[in-house]
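# Reading the structure
Residues per chain are reported as follows:
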Amino acid sequence: MIYVSHLLRDEEMKELVEELEVGVESIEFSISENLDHLSEHIKTYRKRLQFIGTRELTLHGPFLDLNPVAYDSRVRRVTMERFIQCYEAAQELGAKKIVYHTCYHPGIYFLIGWAERMEEFFHEFLADRKDISIVLENVFDREWEPILEVKQRLPEPNFSLCLDIGHAHCMSPHPVEEWAQKLAGEITHLHIHDNHGERDEHLGLGKGTIPVREVLKNFQGREDCTYTIECNTKEDVRMSCRMLREIL
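These notes cover the structure that comes with them. (Residues numbered from 1 in each chain as written. Predicted model: local features only at pLDDT ≥ 70, side-chain atom pairs only at ≥ 80, totals over all residues. Heavy atoms only, no water.)

## Here we look at the state of the cysteines
Following the criterion strictly, the structure yields zero disulfides and no others. Not engaged in a disulfide, the cysteine C86 finds its nearest cysteine sulfur in C103; these two sulfurs lie 12 Å apart. Overall, the relative accessible area of 0% leaves C86 in the buried class. For C103, a relative accessible area of 6% puts it in the buried group. (Disulfide = S-S within 2.5 Å. Buried < 20%, exposed > 50% of the residue type's maximum accessible area, 1.4 Å probe, protein only.)

## What about helix α3 (residues 38-52)?
Between the first and last C-alpha of α3 there are 20 Å, a value that for 15 residues agrees with the 21 Å anticipated at 1.5 Å per step. Within α3, burial applies to L38, H41, I42, Y45, L49 and I52. Within α3, the buried residues cover an arc of 105° as seen down the axis, which keeps them to one side. Pointing more than 90 degrees away from the buried face of α3 are the exposed residues S39, E40, K43, K47 and Q50. On its buried face, α3 is in contact with α1 (10-20), β2 (23-26), α2 (32-36), β3 (57-60) and α4 (73-93). (Helix = DSSP H or I, 4+ residues; strand = E, 2+ residues; numbered from the N terminus. Expected span 1.5 Å × (residues − 1). Arc of directions from axis to C-beta. Contact = heavy atoms within 4.5 Å.)

## Here's the deal with the packing of aromatic side chains
The tally for this structure, following the rule as stated, stands at 11 aromatic pairs. Pairing F83 with Y100 gives two aromatic rings, centres 4.2 Å apart and planes at 20°, and the pair type is stacked. Of the two residues, F83 is situated in helix α4 and Y100 in strand β4 (residues 97-101); the sequence distance between them amounts to 17 residues. Residue F83 is classed as buried on the basis of its relative accessible area of 0%. Relative to F121, the ring of F83 has its centre 5.5 Å away and its plane inclined at 90°; by these criteria the two rings are edge-to-face. (Phe/Tyr/Trp six-rings, centres within 6.5 Å; stacked < 30°, edge-to-face > 60°.)

## Notes on helix α8 (residues 176-183)
Each full turn of the α-helix corresponds to 3.6 residues, which orients residues three or four apart in the same direction. Regarding α8, the residues found buried are V176, W179, A180 and L183. For α8, the buried positions fall inside an angular range of 95° around the axis, keeping them on one side. Buried residues along α8 sit in contact with α6 (145-153), β6 (159-164), α7 (165-171), β7 (187-192) and α9 (212-216).

## Considerations on the pairing of strand β8 (residues 226-229)
By the alternation rule, side chains of β8 split into T226 and T228 and Y227 and I229, which are all buried. Of the strand pairs in this sheet, strand β1 (residues 2-5) and β8 are connected by three bridges, and their pairing is parallel. Note that in β8 the partner of V4 across the bridge is I229. In this structure, β7 lies alongside β8, joined through four bridges in parallel fashion. If you follow H191 over to β8, its bridge partner there is T228. (Pairing = 2+ DSSP bridges.)

## Overview of the pairing of β3
Going residue by residue along β3, you find L57 and L59 tucked away on one face and T58 and H60 tucked away on the opposite face as well. Of the strand pairs in this sheet, β3 and β4 are connected by three bridges, and their pairing is parallel. Bridging across to β4, H60 finds its partner in V99. In this fold, β3 hands off to α4, which returns the chain to β4; that crossover is right-handed. (Right-handed = clockwise from strand over helix to strand, strands pointing away.)

Structure, rendered in structure tokens:
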């Protein structure tokens, strides 16, 4: 299943859903202001989804100002509250998957003990939340090993990893091909976009320097994997969708 990130206007999303037969990955419930008015926003967004015309939905979880491994108990509590609110929205709207960031920032947080604290947070979060798939996405992460360790510590069947190929390409000193190869067995969702290895540009596939075919060959034949195209224009979404389907 291929999704398109709801970065475009509703009218453009409707056009792409009809033309490409894709689902939607919503960013609406990653925004704290929307979470502050959760019930009202769920109702509003349900109407927007009806207009767009898809029942296939994934949510992108909140991440700004949040940290699952925070030492400050109040920051951790707010992070848990926001993650739970997004989960509740997913239940109400029938989303099949939620993408949460690792929220790791190099130079600010140490990796010593990081995986253990992530395990503790998500073990608590997942204790009574089993009906929606949860995937953990790399963003500023420079190393893939700690993320793999988190998954190995959390054998829950509805918890796995999301590889953002654009983030890995421009944020990590390790080749994105290495990320794909080393994490492939634990990945069930990918964020698809391109860049030139210097910043997070969210370009269409082929417009940057990501060796797309080398990366995606690790997921050929994987029926358990889903994909979200995260591009800023309709043209880039179309181009990326065509290339993605051709490779897979």
